[in-house]
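Structural description and commentary
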Amino acid sequence: MNFKILTIACMLISSMSFAQMFEVGAFVGGSNYIGDVGSSRYINPNGFAAGGLFKWNVSQRYAYRASFTFSTLHAADRDSNSSARQQRDYSFSNGVVEGSLGMEFNFVEFDLSDFSRSVTPYIYGGASVILHDELYYVTNNAEVSGEKATFAIPMALGIKGKIGRRFVLAAEVGARYTFTDNLDGSNPNTLLPNNDDLKFGNIFSDDWYVFSGVTLTYTFGQRPCYSCYD
């Protein structure tokens, strides 16, 4: 019985190793924050963002994806269309490091070994862990009180196409819904005696941030089984 199970497992692993193509590459672009400080525009990159990613293509439609991205989020009330925010004149910078796992879905079948279908839009979703600064205000510029790790939900929309035989170029915009309301210092958790007085804005709404940019990946691995008889 154990021998049969081992044989089946080996067959499955062998089939999977033949059926996959992988991608490894880099992301470069910009970032912007959405919350209680600064501009309320959703796509407004004002900070540099970069990172790396790995994809495991399990079919022409689906790929598992892992990524690591870092950026510094910036926001200033002077850039807002709200007169109340402009008068308040708060500003902050917050370093963010993000690790994500999820799945990418292609709207069009995207065979990495077949150039007859070389472009497709796609969506991505998954889960992220982020490390960020904890902020608070005693002046108009936020100060750092420590670091915190929390979760976020990444959602991205993009379009990608093949370049040559081994490279894929993509452009995407991805929003992150975070499980914190203090990327901007509006809901601090400090040891100061007047901690509650330092809170402002909508403390019941968590923060968002956006990455927008391009990725370039190198493909490798055996030709997928869905095209081995073409």
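Think of each chain on its own: its residues are numbered from 1, step by step along the sequence as written. In keeping with the predicted nature of the model, local features appear solely for residues at pLDDT of at least 70, side-chain atom pairs appear and are counted solely at 80 or more, and the whole-chain, interface and lining totals rest on all residues. In computing side-chain values, all of the structure's heavy atoms are included and hydrogens and water are not.

Put simply, DSSP marks the helices as runs of H or I at least four residues long and the strands as runs of E at least two long, and each gets a number from the N terminus on. Counting its secondary structure elements, the protein chain contains two helices and eight strands. Mapped from its N terminus to its C terminus, the protein chain presents α and β elements in the order α-β-β-β-α-β-β-β-β-β. Each residue is placed in one exposure class: buried if its accessible area under a 1.4 Å probe, protein chains only, is under 20% of its type's maximum, exposed if it is over 50%, and partly exposed if it falls in between. The buried share among the 230 residues of the protein chain stands at 41%. Any two residues whose heavy atoms approach within 4.5 Å at even a single point are treated as in contact. Of the contacts formed within the protein chain by residues at least 6 apart in sequence, a portion of 67% connects residues at least 24 apart. With residues, only the protein chains shown are counted as cover, and all accessible areas are computed by Shrake-Rupley using a 1.4 Å probe. A total of about 12000 Å² of accessible surface is found on the protein chain, and carbon and sulfur atoms cover 63% of it.

Each salt bridge in this description consists of a side-chain nitrogen of Lys or Arg and a carboxyl oxygen of Asp or Glu lying within 4 Å of one another. This model, assessed by the stated rule, comprises seven salt bridges. Between lysine 55 and glutamate 104 there is a salt bridge whose closest N-O contact spans 3.0 Å. Linking lysine 55 in strand 2 (residues 47-57) with glutamate 104 in strand 4 (residues 91-106), this pair joins segments that are 49 residues apart in sequence. In terms of burial, lysine 55 and glutamate 104 fall into one category: buried. Glutamate 98 is the salt-bridge partner of arginine 176, the closest N and O atoms lying 3.0 Å from each other. With arginine 176 in strand 7 (residues 167-178) and glutamate 98 in strand 4, the pair connects residues that are 78 residues apart, well separated along the chain. Comparing arginine 176 with glutamate 98 shows no difference in burial state: the two are buried. Through salt bridges with shared partners, one network takes in Lys55, Arg65, Glu104, Lys160 and Glu172.

Now for the sheet that holds strand 1 (residues 21-34). As summarised here, the arrangement of the eight strands in space is 1-2-3-4-5-6-7-8, forming a closed barrel in which the pairing is antiparallel. Taking each pair of neighbouring strands and ignoring which way they run, the sheet shows an average axis angle of 25°. Strand pairing is assigned whenever DSSP identifies at least 2 bridges connecting the two strands. As defined by bridge partners, strand 5 (residues 119-136) adjoins strand 6 (residues 143-163) across 16 bridges and the pair is classed as antiparallel. Looking across to strand 6, one finds that glycine 125 is bridged to methionine 155. Whenever a helix is involved, its axis is fitted only over the stretch in contact; in every case the axis is a line through C-alpha atoms, and angles between N-to-C directions fall within 0 to 180 degrees.

So, on to empty space enclosed by the protein. Residues are called lining when one of their atoms sits within 4 Å of a cavity or pocket point, these points coming from a 1 Å grid over the protein atoms alone, where a cavity is a set in which a 1.4 Å probe fits but cannot get out and a pocket is an open set with protein on both sides within 12 Å along at least five of seven lines. Grid points are joined across faces, edges and corners, and a volume is the space filled by probe spheres set on the points. Per the stated rule, a full pass over the model turns up two cavities of 30 Å³ or more. In this structure, the largest cavity spans a volume of roughly 100 Å³. Counting residues per element, the ones that place at least two in the lining of the largest cavity are strand 2, strand 3 (62-76), strand 7 and strand 8 (208-220). Sort the elements by how many residues they give to the lining of the largest cavity and strand 3 lands first, with four residues.

Bringing the nonpolar core into the picture now. Ranked by internal contacts, the top residues of the largest apolar core, which has 17 residues, are Tyr33, Val37, Leu73, Phe92, Tyr137 and Tyr209. Mapped by element, the contributors of at least two residues to this core are strand 1, strand 3, strand 4, strand 5 and strand 8. Apart from the residues within four sequence positions on either side, leucine 73 is in contact with Ser31, Asn32, Tyr33, Phe92, Ser93, Asn94, Val96, Leu183 and Tyr209. Here the nonpolar core consists of buried residues drawn from Ala, Val, Leu, Ile, Met, Phe, Trp, Tyr and Cys, with membership extended through side-chain atoms lying within 4.5 Å.

Here the focus is unusual backbone geometry. A positive phi is found at aspartate 89, a non-glycine position, where the angle reads about 60°. Residue placement: aspartate 89 occurs in the loop between helix 2 (83-88) and strand 4. Since its relative accessible area comes to 26%, aspartate 89 is described here as partly exposed.

The subject of this paragraph is the pairing of strand 6. Strand residues, when the strand is regular, have side chains that alternate between the two faces of the sheet. Linkage of strand 5 to strand 6, two consecutive antiparallel strands, is achieved through a turn of six residues. Where strand 6 and strand 7 come together, 12 bridges link them in antiparallel fashion. From the neighbouring strand, alanine 156 faces strand 7, where its bridge partner is glycine 174.

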